[in-house]
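If you want the building blocks of each chain, they are given just below.
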Amino acid sequence: TMGHPRAWSILGNSQRLDGGAMFGNAPRALWRKWVEPDELNRIPLACRALLIEDGNRKILFETGIGAFFPPQLRDRFGVQEERHALLDSLQRAGFSDADIDCVVLSHLHFDHAGGLLSAYEPEEPMRLLFPNANFVVSWDAFQRAKHPHARDRKSFIPELQGLLQESGRLELVKGHRSDVLGADYKLWLSDGHTPGLMLTEIPGDDGPLVFAADLIPGRAWMHLPITMGYDRYPERLIDEKTDLLNRLLEQNGRLFFTHDHEMAAGRVAKDDKGRFFASETWAELDGTTL
């Protein structure tokens, strides 16, 4: 079993996206209490990865949006920085992409998997970073990325799936365990946001930490009825979110927030009206012992 894993929150490139798209059918009058939109009605979003040092292994959960977009697309998708911010953040924490032994991808939407790729250079083909890492993706999420629906085709990077397969370092997970990650890490599949979204539960002395990706991208989405316009099956997502939050409440567990622009993690609690919220929050994790 594991010793005491340590955790770092690693910021990738940030985005500004339309608030209405991020809050689904919730009216602006409600969601602007949680996050203030700019003059284009966009809200700030982090693309935050989680680095776990477990013994001598370094496991990175997701890679953010990265810097693979050509300039005009970077503007369209509200990407704020030109540089590959994730690599800078890894370096500040004392690591490089070559140090990572395993990259776990909850799903393959570009704002979670784009950081696998080198930064955009005119005339240069896309290439994979993380030369020593195994890549862990759910089988269902990989199939979805290879055969997207018209509604979510633009969310995937067409070239990425081939690059992952050609690496020879790809594990496609079908159950609740990954051979690469090992038995200490429980995996849960969720279909509400996108088919095969894989959540990872990381054990800790202070309660488990769940990397829930886009099932609960930030504190505002802990409110059960709040979903995103990007979610494939919003009602199913609410059921999956309810199950996860109730389980974490019983276990004194925490959530890692990939898109919350201010907070990296929060402990799950319930108020006297039965609403979930984060009772204790961490703006960042900096080698924090779990």
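Structure: see above.
Residues numbered from 1 in each chain as written. Predicted model: local features only at pLDDT ≥ 70, side-chain atom pairs only at ≥ 80, totals over all residues. Heavy atoms only, no water.

Positive phi is not limited to glycine here, since E62 has a value of about 70°. Position of E62 among the secondary structure elements: in the loop between β5 (57-61) and α3 (71-76). Among the residues examined, E62 registers a relative accessible area of 1% and is labelled buried. Unusually for a residue other than glycine, N252 sits at a positive phi of about 55°. Its place among the elements puts N252 in the loop between α8 (234-250) and β12 (254-256). (Helix = DSSP H or I, 4+ residues; strand = E, 2+ residues; numbered from the N terminus. Buried < 20%, exposed > 50% of the residue type's maximum accessible area, 1.4 Å probe, protein only.)

Next up on the list: the sheet that holds strand β9 (residues 186-190). Picture the strands of a sheet paired through backbone hydrogen bonds; they go either parallel or antiparallel. Read across the sheet, six strands follow the order β9-β10-β11-β12-β13-β14 without closing on themselves; strand pairing throughout is mixed. Each edge of the open sheet carries a strand with a single partner, namely β9 and β14 (276-282). Across this sheet, the average inter-strand angle for adjacent strands is 30°, counted without regard to direction. Bridge count for β9 against strand β10 (residues 197-202) is five bridges, and the pairing is antiparallel. Along β10, the bridge assignment pairs S190 with L197. Running at roughly 90° to strand β13 (residues 265-270), α8 makes contact with β9, β10, β11 (209-211), β12, β13 and β14 of the sheet. (Pairing = 2+ DSSP bridges. Axes fitted to C-alpha atoms, helices over the stretch in contact; angles between N-to-C directions. Contact = heavy atoms within 4.5 Å.)

The next subject is the side chain of S89. Counting through the fold element by element, S89 comes out in helix α4 (residues 85-92). Assessed through its relative accessible area of 10%, S89 is described here as buried.

Most of β10 is tucked away: six of the six residues are buried. Neither face of β10 is exposed, since L197, L199 and E201 on one face and M198, T200 and I202 on the opposite face are all buried. The hairpin formed by β9 and β10 contains six residues between the paired strands, and G196 there has a positive phi angle of roughly 85°. Bridging between β10 and β11 involves three bridges; their strand directions are antiparallel. What sits directly across from E201, in β11, is V210.

Under the defined criterion, the tally for this structure stands at 19 salt bridges. One salt bridge connects R32 with E36, and the closest N-O pair in it is separated by 2.5 Å. For R32, a relative accessible area of 36% gives the class partly exposed. Measuring nitrogen to oxygen at the nearest pair gives 2.7 Å for the salt bridge that ties D206 to R267. Within this pair, whereas D206 is found in the loop between β10 and β11, its partner R267 is found in strand β13, the two being separated by 61 residues in sequence. The class of D206 is partly exposed, set by a relative accessible area of 34%. One connected set of salt bridges, linked through shared partners, spans D206, R254, R267 and E280. (Salt bridge = Lys/Arg side-chain N within 4 Å of Asp/Glu carboxyl O.)

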